[in-house]
Amino acid sequence: MRHLVWQKSSFSGSGGNGSCVELAATTHAAVCLRESDAPAVTLTASRAATRALLTRIKTGRIALKAAP
């Protein structure tokens, strides 16, 4: 994969463990997501699907659990 510019979540670091979700836009109308503690593993989704996921998280329609 070519060089991507990764952005950390604004919610990063709240747990004190330094791990977070990072996003990078591609030139193919897609967004790549990765966990900062496993940067070699990425998930690629359309911008629309990423937007829908983030909206569901922000509005509480997806319950998230903190990592153990």
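Report follows, based on the coordinates. Given the structure is predicted, the values throughout are model-derived calculations rather than measurements.

**With respect to the overall build of the protein chain**
Here is step 1: Scanning the protein chain from N- to C-terminus turns up one helix and four strands.
Here is step 2: Taken from the N to the C terminus, the helices and strands of the protein chain come in the order β-β-β-β-α.
Here is step 3: Looking at the protein chain as a whole, 16% of its 68 residues qualify as buried.
Here is step 4: Sequence-distant contacts in the protein chain: of pairs separated by 6 or more residues, those separated by 24 or more amount to 13%.
Here is step 5: Carbon together with sulfur atoms contributes 59% to the accessible area of the protein chain, which is approximately 5,300 Å² in total.

**Considerations on helix 1 (residues 47-58)**
Here is step 1: An ideal rise of 1.5 Å per residue puts 16 Å on 12 residues; helix 1 measures up with 16 Å between its terminal C-alpha atoms.
Here is step 2: Looking one or two places after helix 1, you find Gly60, whose phi comes out positive at around 80°.

**Considering the side chain of Glu22**
Here is step 1: If you trace the backbone, Glu22 turns up in strand 2 (residues 21-25).
Here is step 2: Residue Glu22 is classed as buried on the basis of its relative accessible area, which comes to 8%.
Here is step 3: Side chain to side chain, Glu22 and Arg34 meet in a polar contact 2.6 Å long.
Here is step 4: Sequence-distant contacts of Glu22, defined by excluding residues within four places in its chain, comprise Trp6, Gln7, Lys8, Cys32, Leu33, Arg34 and Ser36.

**Focus: the sheet that holds strand 1 (residues 7-8)**
Here is step 1: As summarised here, the arrangement of the four strands in space is 1-2-3-4, forming an open sheet in which the pairing is antiparallel. Taken across any chain shown, the strands that pair with only one partner, and hence form the sheet edges, are strand 1 and strand 4 (38-46).
Here is step 2: Inspection of the sheet shows strand 3 (residues 30-35) paired to strand 4 by six bridges, in the antiparallel sense. Note on strand 4: the bridge partner recorded for Cys32 is Thr44.
Here is step 3: Contacts from helix 1 reach strand 2, strand 3 and strand 4 within the one sheet, and its direction differs from that of strand 4 by about 105°.

**Structural notes on unusual backbone geometry**
Outside of glycine, negative phi angles account for most residues, and trans bonds account for most peptide bonds.
Here is step 1: One non-glycine residue, Ala29, adopts positive backbone phi at about 55°.
Here is step 2: Mapping Ala29 onto the fold places it in the loop between strand 2 and strand 3.

What counts, and where the lines are drawn
Residues numbered from 1 in each chain as written. Predicted model: local features only at pLDDT ≥ 70, side-chain atom pairs only at ≥ 80, totals over all residues. Heavy atoms only, no water. Helix = DSSP H or I, 4+ residues; strand = E, 2+ residues; numbered from the N terminus. Buried < 20%, exposed > 50% of the residue type's maximum accessible area, 1.4 Å probe, protein only. Contact = heavy atoms within 4.5 Å. Areas by Shrake-Rupley, 256 points an atom, 1.4 Å probe, with all protein chains shown as cover. Expected span 1.5 Å × (residues − 1). Polar contact = N/O pair within 3.5 Å; in protein donor to acceptor, adjacent residues only side chain to side chain. Pairing = 2+ DSSP bridges. Axes fitted to C-alpha atoms, helices over the stretch in contact; angles between N-to-C directions.

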